[in-house]
Every structure is written in C-alpha cells, then in structure tokens.
Amino acid sequence: MRRGTFRDDTVDYAAVGATHAPDLMQYPPERSIPAENSWRIGSGAERFQSAGESLLSWTAQRAAGLSVTDVRPAPGPTYAGVSFDAEGTPIAPSKSEVEQRFDAEGMPFVGPGMTLRVHGRVGGMRADAELRVISVTEEKRRIGFVLGTVDGSVVSGEESFDIEWREDNDEVWFTVRAFDAPNSLLYRLVPALVKRRRKELFARYLRAISPLYATPV
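Since we're looking at a predicted model, the values are computed, not measured.

> I tried to follow the overall build of the protein on my own but got confused; where do I start?
For the protein, the helix and strand inventory stands at 4 helices and 12 strands. By the burial criterion, 48% of the 217 residues in the protein qualify as buried. The long-range fraction of contacts in the protein, counting pairs at least 24 apart against all pairs at least 6 apart in sequence, stands at 64%. When the accessible surface of the protein is totalled, it reaches about 10,800 Å², and 52% of it is carbon and sulfur.

Structure follows, in structure tokens:
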C-alpha cells in the first residue's frame, strides 16, 4: 500500500485537496461549483484490481474522448509516502522512490506530481487544459488520484477519482468528486453550463471505467 502526494504553487486555485473534504458539497471553495457521484461497478477483488489498473492508466480520461499528452514526471524525486494498515493508521514513512509503471503503449501510469495536457470537447465546447496530479492513493481497498488545473482550462479546480472495495459487502464503487470555478466569459455568465459540462464528464468517466456502461459516448 502506498500514498504519494505532491504540492507546489503551480496550480491555478487555492483549495488544493478540497475534493477529499467531507463537506465539499455544502461548503465548496469560493466561486466554485461542487459535484459528486458514486456508482457501484461490480464486486470482488478481481473487479477492484481491474478497475484500479484502468483508473491509474488514464482510462477514465482517454476512453471518455479526451486525449492525454505531454505527460511529464514531477520535478525532483517523488516518494511513496507512508504505509497504512487496514484501519488507515500510518505505519512508517517510505524511504524509496516510487517505481514508474507504463501501460502496453508506453504511457506512464498516474504518479504524484506529474503534469499533463488533455485535449477534447465536452458538450460542444473545448476541454483543453494543463493538469497536475496532486496525489495518488494505492491501498488494500482504495485506489485513486486527484487532478488539479494548472493553466488553459475553461474552469479552474480539481477532480478526485476513487475506486473503493467495501469490506462489509464486497462491492466495488467508483466515486468522482470535483469543484469547478468558471474561467471563460461564457461559463461565468451562464453557470448552468458548468454543471452541464460536469454532468457529461461524469457520465463519460463512468462509461470508461464500468463494464456495465460500455456504450460509446
């Protein structure tokens, strides 16, 4: 199990990590519009591992119609952070660097501190942005990461993606949380477009990760 976290001042919003705040939906960062959804995507260890592998190899983004390019590692060493026991209690800090993994096409897996660019369209409007991986979680029953905007997006803010394998009922759940502050003039004038963009993105992410929703967008 490992957790990696990266922090610096290059993201274009202040509330770094707020997608993991329990009260995000009630108290979102200033000027931002929060969103959250969870879906049951199966059950069992195999489903959890498969979904986690897909998530960390950018499947949510790429299968949702967004191209992922210019993936760059963190500037300087990135460490695995602390290890955690089954209750989430920290055991000891890791001394070794995180080993970089790659998919069959040579694309680097998600890693803390990475910077990347995405390109595409959502709801007829561009979804281009430079993003940074704020943190990565790989635990016995949870896999996920957080993306924050750096530059060039019609909104600024953060997305968190989590795959959870629940111990009480063996179910596997996929949760996406986000907050978006409109940057473009159109989105500032018509906030409903921000919500519509987010709703479509959530639907695309679900289709990308869940075998139950395999119909192309």
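> It is not clear to me how unusual backbone geometry should be interpreted in this structure. Could you clarify?
Negative phi characterises most residues that are not glycine, and trans characterises most peptide bonds. If you check the backbone angles, W58 has positive phi at about 70° while not being a glycine. Summarising the element assignment, W58 is placed in the loop between helix 1 (45–56) and helix 2 (59–62). The buried category is assigned to W58, whose relative accessible area is 0%. Non-glycine residue D170 carries a positive phi angle of around 70°.

> Help me out: how do you make sense of the packing of aromatic side chains in this one?
Here the distance between the centres and the angle between the planes together describe a pair of aromatic rings. Counted under the stated rule, the structure contains 7 aromatic pairs. Between Y13 and F179, the ring centres sit 5.7 Å apart and the planes meet at 75°, which makes this aromatic pair edge-to-face. Of this pair, Y13 sits in the loop between strand 1 (2–5) and strand 2 (33–43) while F179 sits in strand 12 (residues 171–182), and the two are 166 residues apart along the sequence. Both residues of the pair, Y13 and F179, count as buried.

> Sorry if this is basic, but what is going on with a nonpolar patch on the surface here?
On the surface, a nonpolar cluster with roughly 370 Å² of combined accessible area is contributed by L185, L186, L189 and V190. In this structure, V190 sits in the loop between helix 3 (185–189) and helix 4 (192–209). Exposure remark for V190: the relative accessible area of 34% places this residue in the partly exposed category.

> Would you mind going over the nonpolar core with me for this structure?
Taken as a class, soluble globular proteins show a tendency for nonpolar side chains to be buried jointly. Counting residues in each nonpolar core, the largest one holds 39 residues, and the members touching the most others are I41, W58, F145, I163, F174 and Y205. Elements represented by at least two residues in this core include exactly strand 2, helix 1, strand 6 (115–119), strand 9 (129–138), strand 10 (142–151), strand 11 (155–165), strand 12 and helix 4. The leading source of residues in this core is helix 4, at 5 residues. Among residues more than four places away in sequence, those in contact with I163 are I41, F48, A51, G52, L55, R141, R142, I143, V172, W173, F174 and I209. Grouped together as the second largest cluster of nonpolar side chains are 8 residues, V11, I134, V146 and V150 included.

> Help me understand the environment of M25, please; the structure alone is not making it clear to me.
Locating M25 in the fold gives a position in the loop between strand 1 and strand 2. For the pair formed by M25 and A178, sequence separation is 153 residues and the distance between their alpha carbons is 9.3 Å. Ignoring any residue separated from it by four or fewer positions in sequence, one finds M25 in contact with P34, A35, E36 and R177.

> How should I be thinking about helix 4 in this particular structure?
Because an α-helix packs 3.6 residues into every turn, residues spaced three or four apart end up facing the same way. Over its 18 residues, helix 4 runs 26 Å from end to end, which matches the ideal 26 Å to within 8%, given 1.5 Å per residue. Among the residues of helix 4, L193, V194, R197, R198, L201, F202, R204, Y205, L206, A208 and I209 are the ones counted as buried.

> How should I be thinking about the pattern of salt bridges in this particular structure?
Oppositely charged side chains can pair when the atoms bearing their charge come close. In this structure the tally under the stated criterion is 12 salt bridges. A salt bridge links E171 to R40; the shortest N-O distance between them is 3.4 Å. Linking E171 in strand 12 with R40 in strand 2, this pair joins segments that are 131 residues apart in sequence. Between R117 and D70 there is a salt bridge, with its nearest N and O atoms 3.6 Å apart. Of the two residues, R117 is situated in strand 6 and D70 in strand 3 (residues 67–72); the sequence distance between them amounts to 47 residues. Exposure remark for R117: the relative accessible area of 33% places this residue in the partly exposed category. Each of the salt bridges in this network shares a partner with another, and the network as a whole consists of D70, R72, R117 and E130.

> What is the right way to read the pairing of strand 6 from this model?
Each regular strand displays side chains that alternate between the two surfaces of the sheet. Direction of pairing for strand 3 relative to strand 6: antiparallel, over a ladder of 4 bridges. Within the sheet, the bridge partner assigned to R72 lies in strand 6 and is T115.

Calculation criteria
Numbers given to residues run from 1 along each chain, matching the order in which its sequence is written. It should be noted that, the model being predicted, local features are given only for residues of pLDDT at least 70 and side-chain atom pairs only at 80 or more, the latter also being counted only at that level, while totals for whole chains, interfaces and linings use all residues. Neither water nor hydrogens contribute to the side-chain values; these are computed over all heavy atoms in the structure. By definition, any uninterrupted DSSP run of H or I lasting at least four residues is a helix, any uninterrupted run of E lasting at least two residues is a strand, and each is numbered from the N terminus. Relative accessible area decides the class of each residue, using a 1.4 Å probe on protein chains only: under 20% of the type maximum gives buried, over 50% gives exposed, and in between gives partly exposed. Two residues qualify as a contact provided that any one of their heavy atoms is within 4.5 Å of a heavy atom in the partner residue. Note on areas: Shrake-Rupley, 1.4 Å probe, and residue coverage restricted to the protein chains presented here. Here a Phe, Tyr or Trp ring, Trp counted by its six-membered ring, pairs with any other such ring whose centre lies within 6.5 Å, and the pair is stacked when the planes are under 30 degrees apart, edge-to-face when over 60, and tilted otherwise. Patch criteria: residues need more than 30% relative accessible area and no salt bridge. Like-charged residues are merged within 9 Å; nonpolar side chains of Val, Leu, Ile, Met, Phe, Trp and Tyr are merged within 5 Å. The term salt bridge refers to a side-chain nitrogen of Lys or Arg lying within 4 Å of a carboxyl oxygen of Asp or Glu. Here the nonpolar core consists of buried residues drawn from Ala, Val, Leu, Ile, Met, Phe, Trp, Tyr and Cys, with membership extended through side-chain atoms lying within 4.5 Å. Expected helix span is taken as 1.5 Å per residue step, with the number of steps being one fewer than the number of residues. Two strands form a pair only when DSSP identifies at least two bridges running between them.

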